[in-house]
Amino acid sequence: MSSAERDQRAENLAHLDRIDSELAEYLREGIAGGLGAKPPREAPSRAGPPVVYADTGAAFHSVYDPVGEARRLVDGAAHDVIILVGAGLGYTIEEAARRFPASRLIVVEPDVSIFLHLITRRAVARWVETSDVRFFVGEPPENITRALEGTARLQTRIRYFTP
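Just so we're clear, the structure is a prediction, and the values are computed from it rather than from any experiment.

A.B. asks: How would you sum up the overall build of the protein? Please name residues and give values.
C.D. replies: Looking only at helices and strands, the protein features 7 helices and 6 strands. N-terminal to C-terminal, the α/β element order of the protein is α-α-β-β-α-β-α-β-α-α-β-α-β. Taking all 163 residues of the protein together, 44% fall into the buried category. Put simply, 64% of the contacts in the protein that link residues at least 6 apart link residues at least 24 apart. A total accessible area of about 8,400 Å² is found for the protein, and carbon and sulfur atoms account for 49% of it.

This is the structure in structure tokens:
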């Protein structure tokens with residue numbers, strides 16, 4: 001890991017500390033235990049931005065244009081609560097936070113190593129400082145009950161992204 005990536009991860013953990021100190025500590029413990037030591041395979045898309053691949057070889061994003069894909073996926077997602085299952089490299093999180101700053105974004109990433117890769121490669125400051133974003137990492141999607149407390153009467157949209 002480069003020093004720039006280490007700095008990016010440290011900066012992101014500091015931002016996460018402000019919104020969810022338990023998550024930040026959980027990630028630090030995971031890093032200390034060796035999680036994220038072997039990052040997932042990453043390659044440039046045809047449009048340029050990187051794409052992350054699962055161990056099976058499936059891409060987490062469009063191999064052609066992951067940013068354009070995120071724009072299309074977020075179209076029509078203007079709801080009080082937007083749930084994104086699968087963080088990948090954060091293109092969809094970034095687009096939803098930019099377009100719907102008043103919405104609560106709940107991001108569920110079951111794979112801790114993918115989330116560690118995200119916070120190593122991308123700045124999350126603008127997402128966590130300009131939007132109501134909550135991350136649930138290392139939990140299966142069905143365990144997001146606490147994230148949904150108080151949202152029963154709100155208009156909610158769930159988007160699943162699987163490689």
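A.B. asks: Account for the packing of helix 3 (residues 66–74) against helix 4 (residues 91–99), with residues named and values stated.
C.D. replies: For the pair helix 3 and helix 4, interaxial distance at closest approach is 8 Å and the crossing angle is 50°. Overall, the two elements helix 3 and helix 4 adopt an arrangement that is oblique. Where helix 3 crosses over helix 4, the handedness of that crossing is right-handed. Residues Pro66, Val67, Ala70, Arg71, Leu73 and Val74 of helix 3 touch helix 4, and the partners they reach there are Tyr91, Thr92, Glu95, Ala96 and Arg99.

A.B. asks: Can you tell me about the packing of aromatic side chains, naming the residues and giving the values?
C.D. replies: Pairs of aromatic rings are described using the distance from one ring centre to the other and the angle between the two planes. Applying the stated rule across the entire model yields 1 aromatic pair. Taking the ring centre of Tyr53 as reference, the NZ or CZ of Arg41 above it sits at 3.9 Å.

A.B. asks: I'd like to hear about helix 3, residue by residue, with values.
C.D. replies: For helix 3, the set of buried residues is Pro66, Gly68, Ala70 and Val74. Where the residues of helix 3 are buried, they touch strand 2 (50–53) and helix 4. Downstream of helix 3 by a residue or two, Gly76 has a phi angle that is positive, lying close to 80°.

Rules used in this analysis
- Residues numbered from 1 in each chain as written.
- Predicted model: local features only at pLDDT ≥ 70, side-chain atom pairs only at ≥ 80, totals over all residues.
- Heavy atoms only, no water.
- Helix = DSSP H or I, 4+ residues; strand = E, 2+ residues; numbered from the N terminus.
- Buried < 20%, exposed > 50% of the residue type's maximum accessible area, 1.4 Å probe, protein only.
- Contact = heavy atoms within 4.5 Å.
- Areas by Shrake-Rupley, 256 points an atom, 1.4 Å probe, with all protein chains shown as cover.
- Axes fitted to C-alpha atoms, helices over the stretch in contact; angles between N-to-C directions.
- Parallel < 35°, antiparallel > 145°, perpendicular 65-115°, else oblique.
- Left-handed = near helix turned anticlockwise from the far one by under 90°.
- Phe/Tyr/Trp six-rings, centres within 6.5 Å; stacked < 30°, edge-to-face > 60°.
- Lys NZ or Arg CZ within 6 Å of the ring centre and 35° of its normal.

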